[in-house]
Amino acid sequence: MRIVLTTLNAKFIHSSLALRQLKQYCLRVCPDIVVKEYTINNELSHILGDLYRETPDVLGLACYIWNIDYTLALVRLLKKVLPQTIIILGGPEVSFDPDEIMRANPAVDYIVQGEGEEILAKLLVDLGSDQPSSVIEGLTQRIGNVVVSSKPQTIAELDTLPFPYDDKAIAELKDKIIYYESSRGCPFSCEYCLSGASPGVRFFTLERVLDDLAFFIRHDVRQVKFVDRTFNLRREHYWPILRFLAAADCRTNFHFEITAELLDNDILEFLRQVPHGRFQLEIGIQSTNAATLAAVSRKNDWPVIKKNVDTLQSGGNIHLHLDLIAGLPSEDYWRFGQSFNDVWHLQPDMLQLGFLKMLKGSGLRLQAAKHGYIYMDAAPYEVLANKYLTYGEIRRLKIIEELLNQLYNSGRFRTTCQWLVASYQQDAFRFYHDLADYWERRNLHIISHSGKALYQYLSDFCQDQLSEQSGICQQFLKFEALTFERGATRPAFLPWDNQWEEEKNSFWRDEAKARQYLPEYRFTTWREIKNNYHLEVFSCNIPDYLKTGAAIHQETTILLFDYRGRQTCYQQIAAADFRSGRR
Ligand code: SF4
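Just so we're clear, the structure is a prediction, and the values are computed from it rather than from any experiment.

Student: Could you clarify how one ought to interpret the side chain of Ser195 in this entry?
Tutor: Within the fold, Ser195 resides in the loop between strand 9 (183-184) and strand 10 (202-203). Looking at Ser195, its side chain comes within polar contact range of the side chain of Arg229, at 3.0 Å. For Ser195, the contacting residues outside a window of four places in its chain are Gly185, Cys186 and Arg229.

Student: What exactly am I supposed to notice about the pattern of salt bridges here?
Tutor: Pairing between side chains becomes possible if they bear opposite charge and their charged atoms approach one another. Taken as a whole and judged by the stated rule, the model has 39 salt bridges. Residue Asp50 pairs with Arg53 through a salt bridge whose shortest N-O separation is 4.0 Å. One end of the pair is Asp50 and the other is Arg53, both in helix 2 (residues 44-54) and three residues apart, which spans about a single turn. Asp50 sits in the buried class, given a relative accessible area of 15%. Residue class for Arg53 comes out exposed when judged on its relative accessible area of 68%. Among the salt bridges present, the one from Asp220 reaches Arg251, with a minimum N-O distance of 2.2 Å. Highlighted residues: Asp220 in the loop between helix 7 (206-218) and strand 11 (223-226) and Arg251 in the loop between helix 8 (235-247) and strand 12 (253-258), separated in sequence by 31 residues. Residue classification places Asp220 among the partly exposed residues on the basis of a relative accessible area of 36%. By relative accessible area, Arg251 is classed as exposed at 68%.

Student: Just to check I follow, could you spell out the site of the ligand for this structure?
Tutor: The ligand sits among Cys186, Phe188, Cys190, Tyr192, Cys193, Ser195, Arg229 and Arg298. The residue makeup of the shell around the ligand, split by class, is five nonpolar, one polar and two charged.

Student: Whenever I open this one, helix 7 confuses me. Can you help?
Tutor: An α-helix turns once per 3.6 residues; consequently, residues spaced three or four apart project the same way. Between its terminal C-alpha atoms helix 7 stretches 18 Å, which fits the 18 Å expected from 13 residues at 1.5 Å a residue. All buried positions along helix 7 are accounted for by Arg208, Val209, Asp212, Leu213, Phe215, Phe216 and Ile217. For helix 7, the secondary structure elements touched by its buried residues are helix 6 (167-172), strand 8 (178-180), strand 11, helix 8 and strand 12.

Student: So what exactly am I meant to see when it comes to the domain arrangement of the protein here?
Tutor: When the parts of a complex come together, some accessible area is lost, and that lost area is often used as the size of the interface. As far as domains go, the protein holds domain 1 (3-148), domain 2 (177-389), domain 3 (390-400 + 409-478) and domain 4 (497-579). Measuring from the centre of the C-alpha atoms in domain 2 to the corresponding centre in domain 3 gives 28 Å. Of the roughly 1,900 Å² buried between domain 2 and domain 3, counting both surfaces, carbon and sulfur atoms make up 66%. Taken together, the links from domain 2 to domain 3 amount to one salt bridge.

Student: Mind showing me how you'd approach the nonpolar core here?
Tutor: When a protein is soluble and globular, its nonpolar side chains tend to lie buried together. With 173 residues, the main nonpolar core has Leu89, Tyr165, Phe216 and Phe340 as its most contacted residues. Ranked by size, the runner-up nonpolar core spans 15 residues in total, among them Trp508, Ala514, Tyr521 and Ile573.

Student: Hey, could you run me through a nonpolar patch on the surface in this one?
Tutor: Side chains of Ile143, Val146 and Val148 sit close together on the surface and give an oily, nonpolar patch of about 240 Å² of accessible area. Of note, Val148 is situated in strand 7 (residues 146-148).

Student: Explanation requested: the packing of aromatic side chains in the structure shown.
Tutor: Within a pair of aromatic rings, the relevant descriptors are the distance that separates the centres and the angle that separates the planes. On inspection of all chains with the given rule, the structure shows 44 aromatic pairs. A ring pair is formed by Phe476 and Tyr545, whose centres lie 5.7 Å apart and whose planes are at 85°; its orientation type is edge-to-face. Separated by 69 residues along the polypeptide, Phe476 in helix 18 (residues 470-483) and Tyr545 in helix 22 (residues 542-548) bring together distant segments of the chain. Across this residue pair, the class does not change: Phe476 and Tyr545 are buried. Each member of the aromatic cluster is reached from another via a ring pair, and the members are Tyr333, Trp334, Phe336, Phe340, Trp344, Tyr408, Tyr424, Phe429, Phe431, Tyr432, Tyr438 and Phe461. Across the ring face of Phe12, the terminal group of Lys176 is positioned such that the distance to the ring centre comes to 4.2 Å. Of note, Arg365 hangs over the ring of Tyr381, and the distance from its end group to the ring centre comes to 4.9 Å.

Student: Explanation requested: the sheet that holds strand 20 (residues 569-573) in the structure shown.
Tutor: Across a sheet, paired strands are connected by hydrogen bonds in the backbone, their directions being either parallel or antiparallel. Here three strands make up an open sheet; going across it, the order is 18-19-20 and the pairing antiparallel. Lying at the two open borders of the sheet, with one neighbouring strand each, are strand 18 (533-540) and strand 20. Ignoring strand direction, the axes of neighbouring strands in this sheet form an average angle of 30°. Relative to strand 19 (residues 554-562), strand 18 is paired through seven bridges, and the arrangement is antiparallel. Looking across to strand 19, one finds that Phe538 is bridged to Thr557. Lying over the sheet, helix 18 contacts strand 18, strand 19 and strand 20, oriented at roughly 165° with respect to strand 18. Together, strand 18, strand 19 and strand 20 form the strand contacts of helix 19 (residues 501-509), whose direction differs from that of strand 18 by roughly 135°.

Student: So what exactly am I meant to see when it comes to the packing of helix 12 (residues 333-344) against helix 14 (residues 391-409) here?
Tutor: Axes are the key here: two packed helices are described by the angle between their axes and the distance separating the axes. Viewed as axis vectors pointing N to C, helix 12 and helix 14 meet at an angle of 15°, and their least axial separation amounts to 12 Å. Regarding the angle of helix 12 to helix 14, the classification is roughly parallel. Judged by the sense of rotation from one axis to the other, the crossing of helix 12 with helix 14 is right-handed. Where helix 12 approaches helix 14, its residues Tyr333, Phe336, Phe340 and Trp344 are matched on the opposing element by Glu393, Arg396, Leu397, Ile400, Leu404 and Tyr408. When its residues are assigned to classes, the contact of helix 12 with helix 14 shows eight nonpolar, no polar and two charged.

Cut-offs used in this document
- Every chain's residues receive numbers from 1 upward, in the order its sequence appears when written.
- Thresholds applied to this predicted model are a pLDDT of at least 70 for local features of residues and 80 or more for the giving and counting of side-chain atom pairs; totals over whole chains, interfaces and linings are not thresholded and use all residues.
- To get the side-chain values, take all heavy atoms of the structure and skip hydrogens and water.
- Numbering goes from the N terminus for both helices and strands, where a helix is a DSSP run of H or I of at least four residues and a strand is a run of E of at least two.
- Side-chain atoms alone can form a polar contact between residues adjacent in sequence; in general such a contact is a pair of N or O atoms within 3.5 Å, and within protein one must be able to donate a hydrogen while the other accepts it.
- Contacts: residue pairs with any heavy atoms within 4.5 Å of one another.
- A carboxyl oxygen of Asp or Glu within 4 Å of a side-chain nitrogen of Lys or Arg is what we treat as a salt bridge.
- Each residue is assigned to one of three classes by its accessible area relative to the maximum for its type, calculated with a 1.4 Å probe on protein chains only: buried under 20%, partly exposed between the two thresholds, exposed over 50%.
- Residues are classed as near a molecule or strand on a simple rule: at least one heavy atom within 4 Å of it.
- In this count, Pro and Cys sit with the nonpolar residues alongside Ala, Val, Leu, Ile, Met, Phe, Trp and Tyr, while Asp, Glu, Lys and Arg are called charged and the others, Gly among them, polar.
- Expected span of a helix, by definition, is 1.5 Å for each gap between consecutive residues, and there is one gap fewer than residues.
- Those domain boundaries reflect an automatic or database domain assignment.
- In short, buried area is how much 1.4 Å probe accessible area vanishes from two parts on joining, totalled over both.
- Nine residue types can take part in a nonpolar core, namely buried Ala, Val, Leu, Ile, Met, Phe, Trp, Tyr and Cys, and a core is a set of them joined through side-chain atoms within 4.5 Å.
- For patch detection, residues must exceed 30% relative accessible area and be free of salt bridges, and they are connected within 9 Å for like charges or within 5 Å for nonpolar side chains (Val, Leu, Ile, Met, Phe, Trp, Tyr).
- Accessible surface area values rest on a Shrake-Rupley calculation with a 1.4 Å probe, where residue burial reflects the displayed protein chains alone.
- When the centres of two rings from Phe, Tyr and Trp lie within 6.5 Å, Trp using its six-membered ring, the rings pair. Their planes under 30 degrees apart give stacked, over 60 give edge-to-face, and anything left gives tilted.
- Any Lys NZ or Arg CZ that is within 6 Å of a ring centre and within 35 degrees of that ring's normal is treated as a charge sitting over the ring.
- Criterion used throughout: strands pair if DSSP finds at least two bridges between them.
- Here the axes come from fitting lines to C-alpha atoms, over the contacting stretch only for helices, and the angles between their N-to-C directions go from 0 to 180 degrees.
- Roughly parallel covers angles under 35 degrees, roughly antiparallel covers those over 145, roughly perpendicular covers 65 to 115, and oblique covers all other angles.
- Should the near helix be turned counterclockwise from the far one by less than a right angle, the crossing is left-handed, whereas a clockwise turn marks it as right-handed.

Now the structure itself:
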């Protein structure tokens, strides 16, 4: 029997842990299993043709919120061209209403509910046998014309699952994110989430996890993302893992979703010392509004979160990713703005603004009427409005999300945004609200923008809203172009200091002077100097502003940018060392 396991990932860079786990588990009962992955951006006809070529006896498809409609369309076509192929669906998007999906989609033969490894293996044994067993727990199937459903299942002993990767799989995934889990389940019960629906949290043994992780390190994997719902639940489980990874001599980055309140002082201190870039932490804040958190049965202790995130930030060695969700109950537009400001002021490396999805099987979906929810009927079931937010406000938040990604999360205009928010009395949400309003008035939200165009738009916005400070804004934009873009983008409208060429040349020719700032400097060729360094004269002192946070003031400031490393470095040049070149 030839088995093909497939899914449509949301992006090319993603990979499916579930398919590889299913394959490794089921290889013990069926040796001919292949994994095929596509993305939702692939043409349906291309996927259809490719799967047809495989002519599987059994085809299993993993269904998620981002691919369910596309997957069902694919399944209908597959049954037309491969009528003998047995089609099995699994995954969270089909686990909670399997009867309905089976009735609406005659092309689907079986649905595996919940954690599928054991169920699929039993089904494959049955399909290959003359005497199939009548009932498999966790499997929805047709018996005659009747759909008989079951309940989602879990795996009790996780160590019974084989490690999902081997040398070949790792080689094939070299440009993709590798996912891994050291536990399943979540003890919390946030009303909008399904992860707390399965009973209990189960862990792989520590021995097993450390063994698995050593494999990734040996293979010099770029990034491993743990999919554990709350990685730092059990100290005796997660701390040895972190210590093992921190001590490893490797380049791999490990990403974890954690709960910030559960970090104690010892762990915080330890995390502040781990090698730079080794860990990436994602922390779901969702809201800082007590009424909202109570309405979704989520407990967040904001003062503790804030203190712990501040401590983590002070180490400067861990990439921090904080999440908010718009559209939760009891949070109107401006109260959401307060949650936004609370998180903004922690200055994470990434602030992700997500939108509530009314997942099938979630508690919040059952309470939709109570909160006046209007949401998309089909996946991704995103909220369009509720008692607290109008559709117009959700739309505005969508534009804010776009702007946040382009200006802040991209890292491109972080310094300028920090200064602009200060000009808004530190009300970051009001700044983004006004910017979104400006964007919409100029129809900028309906087109995509090059990085270069964003310089002009930000400058125009500043001229429109803070006209007296537009000159300073242009100095910040110049600074961004020379740091983030390393001088590769130099928008012509910005006030570049072309009148200082003579001083710059004389600075570079005077090796003794340049060595005060670059000890190993030697004059070689102008081309090499141009490639490695840049001198620029600013009309205000941006480094001083960034260091002290004091109001920025006019002051001629000469900065030397050094592009030799991976990160741009800069330092201030004393005016006396610079101007002396002027004849
Ligand atoms: S949102 Fe996070 S903490 Fe809450 S139930 Fe889901 S996985 Fe658990």
